[in-house]
Amino acid sequence: CFVFVIDTCSNAKEELSELADSLTQALNLMPPESRVGLITFGTNVSVYDLSSESISKSYILRGNREYPPGRLGELLGCTGRQIQTGQQGQAPQMGGPGQEVLERFLLPVSECSFVIEGILEDLRKDPWPVPNDKRPARATGCALSVATSLLHLAIPRRGARIMLFASGPCTSGPGNVVSRLKEEDMRSHADLAKKAEPLFAPACEFYSKLA
């Protein structure tokens with residue numbers, strides 16, 4: 001199972017285009033039964049519903065917070081539903097949120113490659129304006145939190161891979177390692193050695209928890 005997590009804050013238009021081409025080629029090389037999910041992020045985080053071929057669907061989440069599995073399931077509408085057991089005279093049972101995630105957000109390549117390719121072709125730079133004195137709001141930590149919770153809901157305690165494609169450091173939300181203000185320099189190795197970087201320890205704790 002793979003989840004592609006794509007940063008849309010890149011300043012170079014060709015970067016997103018070249019990434020889309022590379023991911024499309026990768027999809028064509030994957031075994032058809034491999035499950036794939038797609039998340040994009042900038043200021044906010046978009047989780048794509050891959051079950052619809054007629055129209056592109058995504059859920060937009062605020063990029064300044066964490067999303068534990070239970071909360072994410074609620075926001076994505078994956079809270080359990082009735083399913084038929086197939087046995088005569090037996091009452092329907094509730095399907096867990098993990099089953100709904102597998103049916104909508106983590107589909108086999110054979111079922112969703114066309115949908116993902118269409119989304120990748122339409123990738124655009126994050127639309128939120130960036131003031132000249134600030135860096136883009138890049139919610140990398142939030143996006144990874146969503147990807148981790150998505151996998152936890154669908155395939156708990158099983159192997160999977162989150163593939164992050166980033167064009168810069170996390171500047172917004174949990175796990176941020178750089179201030180958005182350009183007047184504040186990016187940290188150096190000397191800052192880390194002197195423990196003079198206040199964002200370092202919280203970021204390490206956040207990403208260690210995700211891992």
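Please refer to the structure placed before this passage.
Remember, it's a predicted structure, so these values are computed and weren't measured experimentally.

(A) A look at the nonpolar core. Ile-39, Val-45, Val-47, Val-101, Leu-106, Val-146 and Leu-150 are the most contacted members of the largest nonpolar core, which has 25 residues in total. Among the secondary structure elements, those contributing two or more residues to this core are strand 1 (2–7), strand 2 (35–41), strand 3 (44–49), helix 3 (97–104) and helix 5 (140–154). Each residue touching Val-45, except ones within four places of it in the same chain, is listed here: Ile-39, Thr-40, Tyr-59, Ile-60, Leu-61, Gly-63, Ala-139, Cys-142, Ala-143 and Val-146. Membership of the second largest hydrophobic core comes to 20 residues, among which are Leu-38, Tyr-48, Cys-112 and Leu-123.

(B) View of the pairing of strand 2. In terms of burial, strand 2 is largely enclosed, as 6 of its 7 residues are buried. Both strand 1 and strand 2 contribute to a ladder of 6 bridges, which runs parallel. Bridging from a neighbouring strand, Asp-7 pairs with Phe-41 of strand 2. Since strand 1 and strand 2 lie parallel, the crossover through helix 1 (residues 13–29) that links them has a hand, and here it is right-handed. Pairing geometry for strand 2 and strand 3, over 3 bridges, is antiparallel. Its bridge partner being in strand 3, Ile-39 is matched across the sheet by Val-47. From the end of strand 2 to the start of strand 3, which pair antiparallel, there are 2 residues.

(C) Looking closely at the environment of Phe-2. Relative to the helices and strands, Phe-2 resides in strand 1. Spatially, the C-alpha atom of Phe-2 lies 21 Å from that of Glu-66, the residues being 64 residues apart in sequence. For Phe-2, the contacting residues outside a window of four places in its chain are Met-30, Arg-35, Val-36, Gly-37, Leu-106, Arg-161 and Met-163.

(D) Summary view of the packing of aromatic side chains. As enumerated under the stated definition, the model contains 3 aromatic pairs in all. Ring geometry for Phe-4 versus Phe-165: centroids 6.3 Å apart, planes at 70°, classification edge-to-face. One end of the pair, Phe-4, is in strand 1; the other, Phe-165, is in strand 8 (residues 161–165), and 161 residues separate them in sequence. For Phe-4, a relative accessible area of 1% corresponds to the buried category.

Thresholds, definitions, all that
- Throughout, a residue's number is its position along its own chain's written sequence, starting from 1.
- Side-chain atom pairs in this predicted model are given and counted only at pLDDT of 80 or more, local residue features only at pLDDT of at least 70, and totals for whole chains, interfaces and linings cover all residues.
- As a rule here, side-chain values come from all non-hydrogen atoms in the structure, and water together with hydrogens is ignored.
- Side-chain atoms within 4.5 Å link the members of a nonpolar core, which is a set of buried Ala, Val, Leu, Ile, Met, Phe, Trp, Tyr and Cys residues.
- Any residue under 20% of the maximum accessible area for its type is buried, any over 50% is exposed, and the rest in between are partly exposed; the area is computed with a 1.4 Å probe on protein chains only.
- Strands are runs of DSSP state E lasting at least two residues, helices are runs of H or I lasting at least four, and both sets are numbered from the N terminus onward.
- The contact criterion used is simple: two residues touch if any of their non-hydrogen atoms lie within 4.5 Å.
- Two strands pair under a simple rule: DSSP has to find at least two bridges between them.
- A clockwise path from the first strand over the helix to the second, with the strands pointing away from the viewer, defines a right-handed crossover.
- What counts as a ring pair is set by centres within 6.5 Å for rings of Phe, Tyr and Trp (its six-membered ring), and what kind of pair is set by the plane angle: stacked under 30 degrees, edge-to-face over 60, tilted for all other angles.

Treat this as a map of the structure, not an account of what it does.
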